[in-house]
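Commentary on secondary and tertiary structure
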Amino acid sequence: MERITAKDPESRSMDMVAENVSRLKAVFPDVFREGKVDFDALRQLLGHDVEDGDEKYGLNWRGKRSARRLSLIPSAGTLRPCPDESVDWDTTRNLMIEGDNLEALKLLQKSYAGKVKLIYIDPPYNTGKDFIYPDNYKDGIRNYLKLTGQVDGDGQKLTSNTDASGRFHTNWLNMMYPRLKLARNLLGMDGLIVVSCDQAELPNLQNVMDEIFGEDNLFAILTRRATHTVRNSSKDFNLHADYLTVYGKDKAWFGESSERYIRQPTDKTASYPHNDQDGRGRYKLDPLHARNYYTPYKHRFSNGTVWEAPNGRYPAYSRETLQRMDRENRISFSNGEPKAKRYLADVQEGRPPDTILDPGDVGFNFHGTRELRETLGADKVFPQPKPTQLIAYLMQLANDPNGIVLDFFAGSGTTGHAVMSMNVQDDGNRRYILVQMPEPLDPKGNEQKTATDYLDSIRRPRNIAEITKERLRRAAVAITADAPSYSGDLGFRVFKLDSANVKEWDPKRTDIQQALLDHVDNIKEDRSADDLLYEILLKLGFDLCAPAQSCIIGGKRVHAIGGGALISCMDAQIGGADAEGLAIGISEWLGELENTDDTTVVFRDSAFSDDVAKTNVTEILRQSGVKNVRSV
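Just so it is clear, the structure is predicted and the values come from calculations on it, not from any experiment.

Criteria and thresholds
Residues numbered from 1 in each chain as written. Predicted model: local features only at pLDDT ≥ 70, side-chain atom pairs only at ≥ 80, totals over all residues. Heavy atoms only, no water. Helix = DSSP H or I, 4+ residues; strand = E, 2+ residues; numbered from the N terminus. Buried < 20%, exposed > 50% of the residue type's maximum accessible area, 1.4 Å probe, protein only. Contact = heavy atoms within 4.5 Å. Areas by Shrake-Rupley, 256 points an atom, 1.4 Å probe, with all protein chains shown as cover. Phe/Tyr/Trp six-rings, centres within 6.5 Å; stacked < 30°, edge-to-face > 60°. Lys NZ or Arg CZ within 6 Å of the ring centre and 35° of its normal. Axes fitted to C-alpha atoms, helices over the stretch in contact; angles between N-to-C directions. Parallel < 35°, antiparallel > 145°, perpendicular 65-115°, else oblique. Left-handed = near helix turned anticlockwise from the far one by under 90°. Patch = residues over 30% accessible without salt bridge, like charges linked within 9 Å, V, L, I, M, F, W, Y side chains within 5 Å. Salt bridge = Lys/Arg side-chain N within 4 Å of Asp/Glu carboxyl O. Nonpolar A, V, L, I, M, F, W, Y, C, P; charged D, E, K, R; others polar. Disulfide = S-S within 2.5 Å. pLDDT = per-residue confidence, 0-100.

**A look at the overall build of the protein chain**
Helix and strand content of the protein chain: 19 helices and 25 strands. Of all 632 residues assigned to the protein chain, the portion counted as buried reaches 48%. Of the contacts made within the protein chain by residues no fewer than 6 positions apart, 73% connect residues no fewer than 24 positions apart. Looking at the protein chain as shown, the accessible area adds up to about 31,900 Å², and 46% of this sits on carbon and sulfur atoms.

Here it is, written out as structure tokens:
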């Protein structure tokens with residue numbers, strides 16, 4: 001039985017450097033010399049596509065190299081399950097992660113790389129009031145725990161990124177760059193990422209997105225009118241707009257077939273009021289004439305009706321097309337005037353979307369403010385939340401009713417609310433993953449006093465993540481009230497970022513004997529069996545909402561994840577007498593499960609009373625065909 005230690009790859013998030021080297025080796029195996037990259041050989045293979053010299057086009061700033069490196073450092077943290085703060089824990093497939101989104105994105109890599117359909121983020125606009133929190137290059141988890149007051153800190157706090165700092169744009173870019181790098185890995189080949197911003201950082205954002213996603217993968221910069229108000233006191237221009245950069249993981253993928261084109265969503269059902277009896281479905285009626293098209297002619301239909309365009313108008317169809325439409329029963333003769341049947345099924349792809357968004361499609365900011373007020377029952381709890389209508393529009397562009405939608409600047413939870421509402425509308429099965437930093441709220445600040453008063457009134461901790469969770473809870477209740485027959489997923493699982501469950505050896509300790517005794521059980525004292533189970537899921541690459549079963553075998557709780565792909569027993573004590581019965585019981589259960597071709601079985605290492613018990617369990621399981629038996 002091989003033990004997973006704090007230094008093993010299984011105890012950390014994905015090693016992005018190793019992953020990049022592996023990809024390079026798969027494409028260019030001949031540029032590796034004794035495990036290292038021969039860049040001269042790589043340049044020769046790439047030919048003219050290599051940029052030489054010091055003067056290169058691109059965006060550079062102080063700290064860019066460190067920001068890039070930060071995205072490559074694996075996380076040693078974990079996500080701890082919080083069923084008591086969740087809704088429908090046992091059945092939901094939605095996730096709400098409370099923590100620093102940089103560390104969360106690292107931890108999600110193994111389980112969700114290449115699986116996300118749509119990423120939408122509304123990051124800080126860098127207006128001088130937004131929190132830009134520092135990233136610690138050595139220990140991101142401890143940095144996060146200090147910032148949120150979960151461990152004693154050194155005075156480091158979330159601070160506003162004011163333009164007086166001298167590094168106004170630099171701080172914002174250093175925050176965004178590593179997060180966007182990690183986000184790209186999570187997108188599927190058919191995935192879209194949409195980032196909201198204002199004009200202050202739009203040029204910088206586009207340059208960074210071009211570098212990370214490739215300028216060839218830019219679809220468009222969308223312009224959205226955020227407010228409908230006019231301020232006569234403005235010094236120069238009224239700034240009504242914000243912007244959305246839309247990139248694909250691989251834009252070429254969208255051109256492979258017409259079914260993959262991005263199309264403008266429309267309210268098709270309402271505008272197609274008729275329902276044909278010939279099996280073609282809903283349709284609307286169009287005149288057969290147009291302002292200026294085909295040369296005038298007369299046409300006799302199969303029922304004897306003779307038609308020609310009215311004076312000043314022209315046929316909208318050629319003679320041959322009209323004859324074919326007549327043969328295929330695509331002409332309606334109701335009210336005496338022949339008209340063409342335009343079927344909904346023939347125009348489902350819609351039309352290419354506009355780069356200037358119609359407020360009727362995506363809403364104004366005040367719509368988002370009103371929605372939040374109605375959902376929470378309180379006003380001014382969160383500033384300028386986006387309307388759910390905007391997120392719904394983007395989901396329609398993404399065109400996948402079963403996709404995963406990720407928002408790692410979740411704010412008030414608009415994206416989660418929108419996913420649930422959209423699923424009700426079109427009977428979809430989308431899932432959401434939200435990440436929100438539990439940014440402490442200051443009750444003395446004018447802009448945060450209302451939020452703290454609200455959280456106090458519902459007896460919740462004073463941080464933004466609590467607003468996110470409360471909105472999701474109340475949105476689910478409101479949706480149920482409006483659509484009582486809906487049986488889809490309105491729940492979410494809450495996970496909180498924390499340090500790993502496995503203790504790390506501290507080389508600075510001088511009391512070596514006591515340190516050795518403390519390390520006999522390498523699991524931290526305050527961690528539960530569920531904490532261990534979900535860290536195993538995360539580090540081995542299982543979906544955090546994978547189907548789970550559990551049963552009691554030999555008095556021990558045993559979990560089966562993914563139909564038997566993972567078996568876990570985190571019981572704290574497995575004596576010699578228990579070991580054989582436990583192993584035999586697990587073997588028998590595996591025979592009843594679906595997915596046992598490559599099962600991994602994991603135990604708590606310190607649970608075994610001695611090495612004999614551990615060896616017996618391992619051998620019995622291996623005789624049953626289980627090759628991977630591990631312990632933590």
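**A look at the packing of aromatic side chains**
Within this structure, the stated rule accounts for 10 aromatic pairs. Their ring planes at 40° and their centres at 5.4 Å tell us that Trp 89 and Phe 495 sit as a pair that is tilted. One end of the pair, Trp 89, is in the loop between β4 (77-81) and β5 (95-98); the other, Phe 495, is in strand β20 (residues 493-499), and 406 residues separate them in sequence. Accessibility assignment for this pair places Trp 89 and Phe 495 in one class, buried. When the centroid spacing of 5.6 Å and the interplanar angle of 55° are considered together, the rings of Tyr 283 and Tyr 343 count as tilted. Of this pair, Tyr 283 sits in strand β11 (residues 282-286) while Tyr 343 sits in strand β17 (residues 339-343); the two residues are 60 residues apart in sequence, bridging distant segments of the chain. Each member of the pair, Tyr 283 as well as Tyr 343, is classed as buried. Taken together, Trp 89, Phe 495 and Tyr 534 form an aromatic cluster joined through their ring pairs. In this structure, Lys 341 packs its charged tip against the face of Tyr 283, placed 5.4 Å from the ring centre.

**Examining the side chain of Thr 415**
Note that Thr 415 resides in helix α13 (residues 414-426). Discounting residues that sit within four places of it in the chain, Thr 415 has contacts with Tyr 120, Ile 391, Val 405, Asp 407 and Leu 434.

**Quick notes on the packing of α13 against helix α15 (residues 464-482)**
Two elements in contact, α13 and α15, have axes whose closest approach is 9 Å; the angle formed by their N-to-C orientations is 20°. If you check the angle between α13 and α15, you find them roughly parallel. Note on packing geometry: the crossing formed by α13 with α15 is right-handed. Each of Thr 414, Gly 416, His 417, Met 420, Ser 421 and Val 424 in α13 lies in contact with α15, whose residues at this interface are Arg 471, Leu 472, Ala 475, Ala 476 and Ile 479.

**Considerations on unusual backbone geometry**
A negative phi angle is the norm for most residues apart from glycine, just as the trans form is the norm for most peptide bonds. We note that Asp 88 has phi near 55°; this positive angle belongs to a residue other than glycine. If you check the backbone angles, Lys 380 has positive phi at about 60° while not being a glycine. Along the polypeptide, Lys 380 turns up in the loop between α11 (365-376) and α12 (388-398).

**Observations concerning a nonpolar patch on the surface**
A contiguous nonpolar patch, built from Tyr 293, Tyr 294 and Tyr 314 and spanning about 310 Å² of accessible area, is present on the exposed surface. Structurally, Tyr 314 can be placed in strand β15 (residues 314-315).

**Describing the packing of α12 against α13**
Orientation of α12 relative to α13, taken along the N-to-C sense of each, is 60°, at an axis distance of 8 Å. Judged on the interaxial angle alone, α13 and α12 are oblique. Of the two possible hands of crossing, α12 and α13 adopt the one that is right-handed. Along its contact with α12, which presents Thr 388, Ile 391, Ala 392, Met 395 and Gln 396, the element α13 presents Thr 414, Thr 415, His 417, Ala 418, Val 419 and Met 422. Split into classes, the residues belonging to the contact of α12 with α13 amount to 6 nonpolar, 5 polar and no charged.

**Digging into the state of the cysteines**
All told, the structure shown has 0 disulfides when counted by the stated rule. Its sulfur unpaired, Cys 569 is 9.8 Å from the next cysteine sulfur, which belongs to Cys 551.

**Thoughts on the pattern of salt bridges**
Evaluation of the coordinates by the stated rule reveals 32 salt bridges. As a salt-bridge pair, Lys 64 and Glu 211 come within 2.7 Å of each other at their nearest N and O atoms. Taken together, the positions of Lys 64 in helix α3 (residues 64-72) and Glu 211 in helix α7 (residues 202-213) put the pair 147 residues apart, joining distant regions of the chain. A residue is classified by how much of its surface remains accessible, and Lys 64, at 9% relative accessible area, is buried. A relative accessible area of 35% means that Glu 211 is categorised as partly exposed. The partner of Arg 473 in a salt bridge is Glu 470, with the nearest N and O atoms 2.9 Å apart. Taken as a pair, Arg 473 and Glu 470 lie in helix α15 at a separation of 3 residues, close to a single helical turn. Of the two residues examined, Arg 473 and Glu 470, each falls in the buried class. Among the charged side chains, a network of salt bridges with common partners joins Arg 80, Asp 498, Asp 526, Arg 527 and Asp 531.

**Quick word on the confidence of the model for the protein chain**
For the protein chain, per-residue confidence averages 85 on the pLDDT scale, and 85% of positions sit at 70 or higher. Under a pLDDT of 50 for its full length, residues 511-520 has, in the predicted model, 12 contacts with residues more than four places off or in other chains.

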